[in-house]
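Understanding the architecture of this molecule
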Amino acid sequence: MALTVSNRLAFEAQVMANYFPYMSFYTWDDLPYFKGDCPTTSGGKRFEIKLSIPRDYPDEMPKAYVMDPISLRKYDYRGYINSLGSSHEYHTRSNGPRGCVQICHFSESMWDSSQTCIGVMVKVCLWLEAYCTYLATGISINNILKEWMRRQS
């Protein structure tokens, strides 16, 4: 029996509730999304995250936004990541609603229907931890994530 998109999202909402209990599932204007305050361990900060799920999910990947704080400062208060839009150094895509940062979590060419919102959320949490580490060290988010991946190999 094929899993419908609504059944799949209901299943993913259950799994999300187990692993990321601060993320809640919503539907607005027939567009589903997850939203919640995500804590970090390295920086002791909380970030409001929104995963917008497109109409063609799971064939099209969700978008991950940092909704609050709306502006993410750079190291040493030298501006904001938001001003960069899409950036490899910061692992961001073009800005989202109200100019918020959109986190780059997957390459669109690597996305397929076997990926999940839970997998996206894992990458969002890693990005948030890398952002907090960047604020403390000035090392780019890209280099932090590369180093963490290297250590896992």
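What this report covers is the structure whose coordinates are included nearby. None of the values given here were measured: they were computed from a predicted structure.

At a closest axis distance of 9 Å, the pairing of helix H2 (residues 117–137) and helix H3 (residues 141–152) adopts a crossing angle of 120°. Taken together, the axes of H2 and H3 are oblique relative to one another. Of the two possible hands of crossing, H2 and H3 adopt the one that is right-handed. Contact residues: Leu126, Trp127, Glu129, Ala130, Tyr131, Thr133, Tyr134 and Thr137 in H2; Ile141, Ile144, Leu145 and Trp148 in H3. Considered class by class, the residues forming the contact of H2 with H3 number nine nonpolar, two polar and one charged.

Compared with an ideal rise of 1.5 Å per residue, which puts 21 residues at 30 Å, H2 spans 30 Å between its outermost C-alpha atoms and is within 8% of the ideal. Residue glycine 138 follows H2 closely and has a positive phi angle near 85°.

Cut-offs applied
Residues numbered from 1 in each chain as written. Predicted model: local features only at pLDDT ≥ 70, side-chain atom pairs only at ≥ 80, totals over all residues. Heavy atoms only, no water. Axes fitted to C-alpha atoms, helices over the stretch in contact; angles between N-to-C directions. Helix = DSSP H or I, 4+ residues; strand = E, 2+ residues; numbered from the N terminus. Parallel < 35°, antiparallel > 145°, perpendicular 65-115°, else oblique. Left-handed = near helix turned anticlockwise from the far one by under 90°. Contact = heavy atoms within 4.5 Å. Nonpolar A, V, L, I, M, F, W, Y, C, P; charged D, E, K, R; others polar. Expected span 1.5 Å × (residues − 1).

In short, the description is geometric, and any link to function would need to be established separately.
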